[in-house]
Amino acid sequence: MFEDSSFKEDVFKKFGSFRDTIGVLEKQYNIAPTLNIAIYTNTKVYTYSHFGLIPSWASAGSSMQINARSESVYEKSSFKEAYRQRRCLVPLNGYFEWVKDPVSKKSQAHFIVSTSGDYFVFAGIYESWYDNKLKKTILTCAVLTTEPNNTIAELHNRMPVILESDKWDLWLNNRSDFRELNTLFIPINSDKIRYFRVGEAVNSVKNRGEECIKEVTETVPRQGTLF
DNA sequence: CCAGACGTTGTT
DNA sequence: GTCTGG
DNA sequence: CCAGACGTTGTT
DNA sequence: GTCTGG
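First things first, this report covers the structure right here in the doc. Computed from a predicted structure; not experimentally measured. Within each chain, residue numbers correspond to sequence positions counted from 1 in written order. Here every chain gets a letter starting at A, and every ligand a number starting at 1, in the order they are written. Two thresholds apply to this predicted model, a pLDDT of at least 70 for residue-level local features and 80 or more for giving and counting side-chain atom pairs, whereas whole-chain, interface and lining totals are computed over all residues. Excluded from the side-chain calculation are hydrogens and water; included are all heavy atoms of the structure.

## Observations regarding the protein's contact with DNA strand D
What counts is decided by this rule: Think of it this way: one heavy atom of a residue within 4 Å of a molecule or strand is enough to make that residue near it. Whenever two N or O atoms come within 3.5 Å, that pair is a polar contact, provided that in protein one can donate a hydrogen and the other can accept it, and provided that, for residues adjacent in sequence, both atoms are side-chain atoms.
Around DNA strand D lies a shell formed by Pro-33, Trp-98, Ser-107, Asn-203 and Lys-206. A breakdown of the atoms of DNA strand D within 4 Å of the protein gives sugar and phosphate a share of 78%. One of the side-chain N or O atoms of Ser-107 is found 2.8 Å from a phosphate oxygen in DNA strand D. Here a phosphate oxygen of DNA strand D sits 3.4 Å away from a polar atom, N or O, in the side chain of Lys-206.

Below, the structure is given as structure tokens:
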């Protein structure tokens with residue numbers, strides 16, 4: 001996430017004024033689990049949130065989950081309450097998938113973006129959790145997943161639930177019918193999404209800059225044959 | 001009743 | 001916190 | 001997700 | 001191999 005101004009404009013147009021605790025977004029090209037990710041909550045707050053949902057009852061952060069399967073989110077104890085009461089939008093300019101080469105065991109990262117050049121909004125859930133180390137309550141969140149469309153199936157067997165703006169209100173509204181929410185849990189159309197290979201920078205959380213989404217076209221150097 | 005689990009993805 | 005299993 | 005660590009007692 | 005940290 002590195003450019004959130006059009007998302008904020010779109011949220012304002014759709015829902016009116018909201019509380020913005022972020023202000024000027026810190027550009028982030030590699031949001032690993034545990035790092036801060038921007039979310040827009042069903043309580044009209046735009047805020048950073050710890051990427052990786054920790055149930056309120058969990059004593060340590062070890063039970064953190066970055067994804068929740070949309071097929072079962074309504075029944076899992078870790079997600080149930082968040083799903084019922086704390087849904088959010090997760091705006092992102094793109095996301096990554098890694099494909100592991102079975103021979104070299106190396107992971108090739110891909111950056112996935114919208115074909116329209118627009119940002120994505122993922123369906124998210126969030127939770128408050130008291131951090132004993134920081135001695136304060138933090139927000140944590142997870143992204144819902146579904147089966148992949150044809151484009152993403154080339155990379156992976158799951159993909160995030162992506163919401164177009166006409167679905168935002170249904171997702172966030174506390175009065176929404178749960179049967180209707182289920183209609184959102186489908187992959188976005190294949191032609192609305194594309195991807196390209198990126199370099200190794202994104203593989204390390206130390207790298208958080210623009211180099212993480214730089215396209216690489218050359219193929220991975222072939223491994224030398226032994227003997 | 002109490003104890004124990006509570007999750008996903010990817011890989012095998 | 002809440003559900004499941006015993 | 002990937003990268004990087006992974007340990008204690010005793011001695012200095 | 002498996003866990004932790006980011």
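## Remarks on the protein's contact with DNA strand E
We count it as follows: Following the grouping adopted for this structure description, the nonpolar residues are Ala, Val, Leu, Ile, Met, Phe, Trp, Tyr, Cys and Pro, the charged ones are Asp, Glu, Lys and Arg, and the polar ones are all others, Gly among them.
Taken together, Ala-32, Pro-33, Thr-34, Leu-35, Val-205 and Arg-208 are the residues near DNA strand E. Put simply, 35% of the atoms of DNA strand E that lie within 4 Å of the protein are in sugar or phosphate. The separation between a base nitrogen of DNA strand E and a polar side-chain atom of Thr-34 is 3.1 Å. Note that a sugar or linking oxygen of DNA strand E is positioned 2.4 Å from one of the side-chain N or O atoms of Arg-208. In the surface near DNA strand E, the residues fall into four nonpolar, one polar and one charged.

## Looking at the pairing of strand S7 (residues 107-114)
For clarity, the threshold we go by: Buried, partly exposed and exposed residues are distinguished by accessible area as a fraction of the type maximum, computed with a 1.4 Å probe on protein chains only: under 20%, between the cut-offs, and over 50%, respectively. Put simply, DSSP H or I for four residues or longer makes a helix, DSSP E for two residues or longer makes a strand, and each gets a number counted from the N terminus. Here the rule is simple: two strands pair whenever DSSP picks up at least two bridges between them.
With respect to burial, S7 is a largely interior element, seven of its eight residues being buried. One ladder, built from six bridges, connects strand S6 (residues 95-100) with S7; its direction is antiparallel. Bridged to Tyr-95 within S7 is Ile-112. Between the antiparallel neighbours S6 and S7 lie six residues, among them Lys-105 with a positive phi of about 65°. In terms of strand pairing, S7 meets strand S11 (residues 193-197) through five bridges, oriented antiparallel.

## Details of the environment of Asp-10
We count it as follows: Any pair of residues with heavy atoms lying within 4.5 Å of one another is described as a contacting pair.
Following the sequence through the fold, Asp-10 ends up in helix H1 (residues 5-15). In this structure Asp-10 comes out as partly exposed when scored by relative accessible area, which is 23%. The contacts of Asp-10, once residues within four sequence positions are left out, are Tyr-119 and Trp-168.

## Some words on the layout of surface pockets
Convention followed: A cavity here means a set of 1 Å grid points, computed over protein atoms only, where a 1.4 Å probe fits but cannot escape. A pocket is an open set with protein on both sides within 12 Å along at least 5 of 7 lines, and lining residues have an atom within 4 Å of a point. Grid points are joined across faces, edges and corners, and a volume is the space filled by probe spheres set on the points.
Roughly 700 Å³ of volume is contained in the largest pocket. Listed by contribution, the elements that provide at least two residues to the lining of the largest pocket are strand S4 (67-69), S6, strand S9 (136-146) and strand S10 (159-160). For the lining of the largest pocket, the element with the most residues is S6, which contributes four residues. A per-class count over the lining of the largest pocket returns 22 nonpolar, seven polar and three charged.

## A word on the nonpolar core
Proteins that are soluble and globular tend to have nonpolar side chains buried together. Heads up, the condition is: Buried Ala, Val, Leu, Ile, Met, Phe, Trp, Tyr and Cys residues that are joined via side-chain atoms within 4.5 Å together make up what is termed a nonpolar core.
If you look at the biggest cluster of nonpolar residues, it comprises 53 residues, and the most contacted ones within it are Phe-7, Leu-89, Ile-125, Leu-163, Trp-168 and Trp-171. Those elements that provide at least two residues to this core are H1, strand S2 (36-41), strand S3 (45-51), helix H2 (80-85), strand S5 (87-92), strand S8 (120-131), S9 and helix H4 (168-172). By residue number, the principal contributor to this core is S8, which donates six residues. Counting residues in each nonpolar core, the second largest holds 11 residues, with Tyr-29, Phe-96, Val-113 and Val-198 among its members.

## Quick look at the pattern of salt bridges
What counts, and what does not: A pairing counts as a salt bridge when a side-chain nitrogen of Lys or Arg comes within 4 Å of a carboxyl oxygen of Asp or Glu.
Tallied over the entire structure, the rule returns eight salt bridges. In this structure, the salt-bridge partner of Arg-86 is Glu-127, at a minimum N-O distance of 2.9 Å. With Arg-86 in the loop between H2 and S5 and Glu-127 in strand S8, the pair connects residues that are 41 residues apart, well separated along the chain. Like Arg-86, the residue Glu-127 is buried in the burial classification. Two residues, Asp-177 and Arg-179, come together in a salt bridge whose shortest N-O distance is 2.7 Å. Judged by relative accessible area, Arg-179 falls into the exposed class, the value being 64%. Three or more residues joined by partner-sharing salt bridges are found here, namely Arg-69, Glu-71 and Arg-158.

## Examining the side chain of Asn-30
Along the chain, Asn-30 falls in the loop between strand S1 (19-20) and S2. Exposure remark for Asn-30: the relative accessible area of 5% places this residue in the buried category. Here Asn-207 takes part through its backbone oxygen, which lies 2.9 Å from a polar atom of the side chain of Asn-30. Excluding residues within four positions of it along the chain, Asn-30 makes contact with Leu-35, Phe-96, Ala-201, Val-202, Ser-204, Val-205, Asn-207, Arg-208 and Cys-212.

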